[in-house]
Structures are given as C-alpha cells and as structure tokens.
Amino acid sequence: MDSFYLTTPIYYASGPPHLGHAYTTILGDVLARYHRRRSEDVLFLTGTDEHGQKIQAAAAEAGMGPAEWCDRIATQFKDAWANLEVSYDRFIRTTEADHKAVVLAFLEELYANGQIYEAEYVGWYSVGQERYFTEKEIGPDRVDPVAGKPVERIEETNWFFRMGDFQERLVRHIEENPEWIVPQTRKNEVLGFLSQPLGDLSISRPRSRVSWGIPLPWDPDHVAYVWVDALVNYVTASGQIRPDGARGAQGFGPRREGSRWPADLHLVGKDILTTHAVYWPTLLMGAGLPLPDKILAHGWWVVGETKMSKSLGNVVDPLGLREDFGADAVRWYLIREMSTGQDASYTPERFLTRYGELTNILGNLAHRTLSMIARYRDGIVPGVPGQGLTSETEQALRTYHSAMAEYRLHEAMAAAMDLARDANGYVEAREPWAQAKDPAQSDELDETLTTLARVLAVLTCLFEPVMPGKSRVLAARIGLGEAPTFADLETLVVEGKVVTRGEPLFPRVEVEGTRET
Ligand code: MSP
C-alpha cells in the first residue's frame, strides 16, 4: 500500500486559531482525505509550537504560567479542528516529552558532527516572527518585513549551526529537483535568497532572556532556538529517531524500519518558506537525515490589502462562520475560493456567493433527485442502468485527479461542481416530470433517475475531502453506507438502493446585514 505523510506548520500557542490557520489545516485535511480515498496509508500531522519568547510573553500577559497557558491554547486548537472536521492522525505539542527527547538527540547529533560552535551575536530580532533579520531586510525603519513590527537590537553569546557550509548542496538540490518547492514563484524566491552568501544559524537563546525552552544538552544556560525545536517536530512524529536510543542507534541516517521519514509533503504559508526551505533542509543535512519530498507554499488570506493576522487585529473567526453555515460550507469557501499558492481576499459577500453554489447547484440537485425517486418510484432507485452523463462523469474525474496531483484543489472542486451543474442541465433536458406523466416513457424515466442517483453517488466521493459531513449525509440518503472511495466507483451499484429525501442539505441562510443573492 502506498503511504503518504503530510504536515501542517505547528501553530504558535499565542492565541486561538483564526481563518488563516484554518486554511492551512483544512488544505492539509483535504489532501489527507483525498489520499485516504485513494486507499493510501496516510499520516496527517498538525500541532502547536509552544516554546519561545512570544509564548512566554503571551502567558505572562494573561497572568498564567506558560505550561498552563499552552494547555489552554492547545485545547482551543484541538476543539476548533474537531469542529471543522479535521481528521489529523496526530496532534503534536512541542512540550511533549518524546519531542523534547528527539530535539536533544538532534542537537547532540549536530554537535557531535562538528556542526555547532559558540560566538557573539549582534543583530536584529523580531519576537513576532521569532527570527533574526539582516539590516537590509529591516530597512531604515527597522521593522520586520512580514508584519512591519519593530525589531529588537540583540547582543549576546549564541551557539551557531554551520548552515553556510550547506549552501551549495542546497542550491544543487533545488536545481536538480525542480518540483521540490511549489509553486515555481516560491522556488525562485528561495533561489534568489540563496544567491547571497548564506550565513550560519544561531540555534540558541540565553536562558536569562528566554526561559521557556529546551536547554541545550552541552550548555544548560542556553535554550534551543524555537524554530529548531519546532521544525524537528516533523521528525519526532515520523518515528525515525528513537529518543531513548544510544548514540549511533537512534536513527540519524537512512530511513529506519517503520519510520515515516522523510515526509511526502510539508504545507506552509509563504511567510515561513525560508525556515522550511533553507533552515530545515540544511539542519537535516547536518544531522544526516533525508530531506522531505516536497514543500508547498500557499498564499495569505488578506482583508483589504493586509494579511489576516492576530497581531494586526483583523482576524475572522472560522468558528463563528461555522455557527451560521456549518463546517462544510467554511471548508468549501476556503478551498474553492483560494487558488493554491496565491493570496485571496476574505469578504462576507464572496462567502455568500460560494455558499450560494452549494445551495443552488449541489443542494438543488440532491433535493430534486431524491424527491423524484421518492415520488415516482416509491423511494427505490430503478433497476435499469443509468447510462446518461457517462462522458461528463469521466471527464470530471480526470480533471479532478490531475488538478489534485498539482495541488490545484480549487480546480478539482470546480470540476466536481461542474458535474453537478451538468446533472442539473440533464434534469432540465430530460424533463422527468413529463416522462412521469407518460406511461410510454417509463423506461426513459427509470434511466433518468438511475443516472442522477449514480452521479450523486460519484459526487459524494468527489466532495468528501472538502465536505465530509454533507457527503456522509448524502451517501446515507442514497442508501450507500458511506461515500464510495475511488476504487469503489469502479463497481458502484446504485440500482435498487432505498433513498430518503431529508431536509435541504444547505439551507438558505439570512445573515444580519447581508442578503444572499
Ligand atoms: N509556529 C510557526 C510555524 C512552525 S512550523 C515548524 C508559525 N506559526 S503561526 O501560527 O504564526 O502560523 C503558521 C501558519 O499559519 C502560516 O505559515 C500559514 O500557513 C498559516 N497562516 C497564518 N496566517 C495566515 C493567513 N492570513 N493566511 C493564510 N495562512 C495563514 O509560523
């Protein structure tokens, strides 16, 4: 069986999740569900990034200890993901004992390999991004280039990783594997960054400044830099490194039996591409581990012209939208509205337009199909094979798979919705209400109804990755236990199934101050 290991970034435990975090996580969930529907063995990892200055400060501001604070935020993330139907296989927290042990092993390996040295650091630090920036990056205003917040001048002794030594090898890797970073624009950004000399990476913070972290094995007065700690989570969850093993037997080297390393896919927002496409692969090279197969960098949800972000105070709460429209509608909007890789602007109007597709196209098709089978055939799908819409269905499947393979999820979903639209057109063309009045057209009516039931069944499969809840309901109404997998579609039988009509799948919603059009 093929296997697929994919990861989301682990989110800072500095506040509750917003729509931007929900996007990355749902993008991951859609891919995880898609690969499971292809009968692959999937490991889908998400979690929280809990150490460092930013979290330490957030806890202090709330008047709480950092551990207690992180427990609370991790619970908020888990609850949000449960409410949004996110089917992660593991939720990792960087404060877990096994992760801390793997970070220590990772650092010791780098140290033993001669990759670490101590030196003075003088430069500019952004607490918001938990990163140093160069003079050039912060510009004359001395603000970080991501959020535009002031940076701090830091002068201290740090431990450094010889990142610069791996520059050439990394550039070669990117050039030899042109699909390693997608989309291409992001790959070019990384190559642009690597056209300048790559310095070494500070991997520690003095404990006097940051106490909430993992102490270095060889110098307990320093804690591990939070990005090093955080990135290692992907290896921790893979089972590659044995936290309790003796040096040499821990798993630094080729893939161990039973390990899921290397990951097939790291999903990241474009704001954290450098950390994933430069820091992380060089750290892995330093520790002697294989590199992940692919990094997909997506764009930002913006409000007006600005990135949606907690520190800018312009965030949309995904759970509020869920209250009004349901989890599947939130997921549909996020995946259908954003072209993977590009930015998208959140507006309530666009949300309603996308919701309207669900009501008017898919919901309408389901409603009229099930109602007609109930009315004309006592709720039983006729035993006559439905031959209609065969080429449309095949075409939709082809477009869907090829779009998914290139991570153009919005196009895959558009293909599925087009099939639903075609099926509505088929209803108009066949006029089953007229066929029902004419006993001579009984066979034609049977064929119309079986065709529609079959297309609905295919749609439960195609929409399941994005709308698992509604697909489940719809599959049950067509008399299928659950939405078919892609393999099930090959032998799909809808004939003879007992259907139920039920309430509208996507009820019309009137929200204060807005009206559906
Ligand atoms: N903790 C680090 C990641 C460590 S991974 C080893 C971090 N966390 S974060 O909470 O700030 O954001 C993580 C991710 O959330 C971003 O990379 C991005 O994927 C997603 N998003 C946060 N804001 C977003 C938008 N406005 N739009 C889209 N995605 C956004 O960085």
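Refer to the structure printed above.
None of the values given here were measured: they were computed from a predicted structure. (Residues numbered from 1 in each chain as written. Predicted model: local features only at pLDDT ≥ 70, side-chain atom pairs only at ≥ 80, totals over all residues. Heavy atoms only, no water.)

Q: Provide a residue-level description of the pairing of strand β14 (residues 295-298), including the pertinent values.
A: The side chains of a regular strand alternate between the sheet's two faces. What you see with β14 is no split at all: Ile-295 and Ala-297 on one side and Leu-296 and His-298 on the other are buried throughout. By the bridge criterion, four bridges tie strand β13 (residues 265-269) to β14 in an arrangement that is parallel. From the neighbouring strand, Gly-269 faces β14, where its bridge partner is His-298. Handedness of the crossover joining β13 and β14 through helix α10 (residues 273-287): right-handed. (Buried < 20%, exposed > 50% of the residue type's maximum accessible area, 1.4 Å probe, protein only. Helix = DSSP H or I, 4+ residues; strand = E, 2+ residues; numbered from the N terminus. Pairing = 2+ DSSP bridges. Right-handed = clockwise from strand over helix to strand, strands pointing away.)

Q: Give a detailed account of unusual backbone geometry, specifying residues and quantitative values.
A: Cis geometry is adopted by the peptide bond preceding Pro-183, which originates at Val-182 and carries an omega value of -5°. In this fold, Pro-183 is placed in the loop between β8 (181-182) and α7 (184-193). In this structure, the amide linkage connecting Trp-261 to the following residue, Pro-262, adopts the cis form with an omega of 0°. Tracing the backbone through its elements, the reader meets Pro-262 in the loop between α9 (233-238) and β13. Although it is not a glycine, Ser-39 adopts a positive phi angle of roughly 65°. Checked against the element boundaries, Ser-39 lands in the loop between α1 (19-37) and β3 (41-49).

Q: Let's hear about the nonpolar core: which residues, and what values?
A: Phe-106, Trp-280 and Leu-459 are the most contacted members of the largest nonpolar core, which has 170 residues in total. Take this core: its biggest share by element is 12 residues, from helix α17 (residues 442-463). (Core = buried A, V, L, I, M, F, W, Y, C linked by side-chain atoms within 4.5 Å.)

Q: So what about the layout of surface pockets? Which residues, and what values?
A: Approximately 1,100 Å³ is the volume attributed to the largest pocket. As for the largest pocket, its lining consists of 46 residues, of which Tyr-12, His-21, Lys-54, Gly-128 and Lys-307 are closest to the centre. Split into classes, the residues belonging to the lining of the largest pocket amount to 21 nonpolar, 16 polar and nine charged. In this model, the second largest pocket occupies a volume close to 560 Å³. What lines the second largest pocket is a set of 19 residues, among which Tyr-132, Thr-134, Glu-137, Phe-193 and Gly-199 lie closest to the centre. Among the elements that make up the lining of the second largest pocket, the one with the highest residue count is strand β6 (residues 131-133) (three residues). Counted by class, the lining of the second largest pocket contains 11 nonpolar, four polar and four charged residues. (1 Å grid on protein atoms, 1.4 Å probe; cavity = no way out; pocket = protein on both sides within 12 Å on 5 of 7 lines; lining within 4 Å. Points joined across faces, edges and corners; volume = space filled by probe spheres on them. Nonpolar A, V, L, I, M, F, W, Y, C, P; charged D, E, K, R; others polar.)

Q: So what about the sheet that holds strand β17 (residues 344-345)? Which residues, and what values?
A: Across the sheet, which stays open at both edges, the three strands sit in the order β16-β15-β17 with mixed pairing between neighbours. Looking at the sheet topology across the chains shown, the edges are occupied by β16 (306-307) and β17. Relative to β16, strand β15 (residues 301-303) is paired through two bridges, and the arrangement is antiparallel. Its bridge partner lying in β16, Val-302 is registered against Lys-307.

Q: Explain the site of the ligand to me, and be specific about the residues and the numbers.
A: Taken together, 25 residues form the shell around the ligand, and within it Ile-10, Thr-24, Asp-49, Trp-301 and Met-308 come nearest. Contacts to the ligand include Tyr-12, whose backbone N or O atom sits 3.2 Å from an oxygen atom. Note that an oxygen atom of the ligand is positioned 3.2 Å from one of the side-chain N or O atoms of His-298. Among the secondary structure elements, those contributing two or more residues to the shell around the ligand are β2 (11-12), α1, α8 (226-231), α9 and β13. When grouped by side-chain class, the residues that make up the shell around the ligand number 13 nonpolar, nine polar and three charged. (Near = heavy atom within 4 Å. Polar contact = N/O pair within 3.5 Å; in protein donor to acceptor, adjacent residues only side chain to side chain.)

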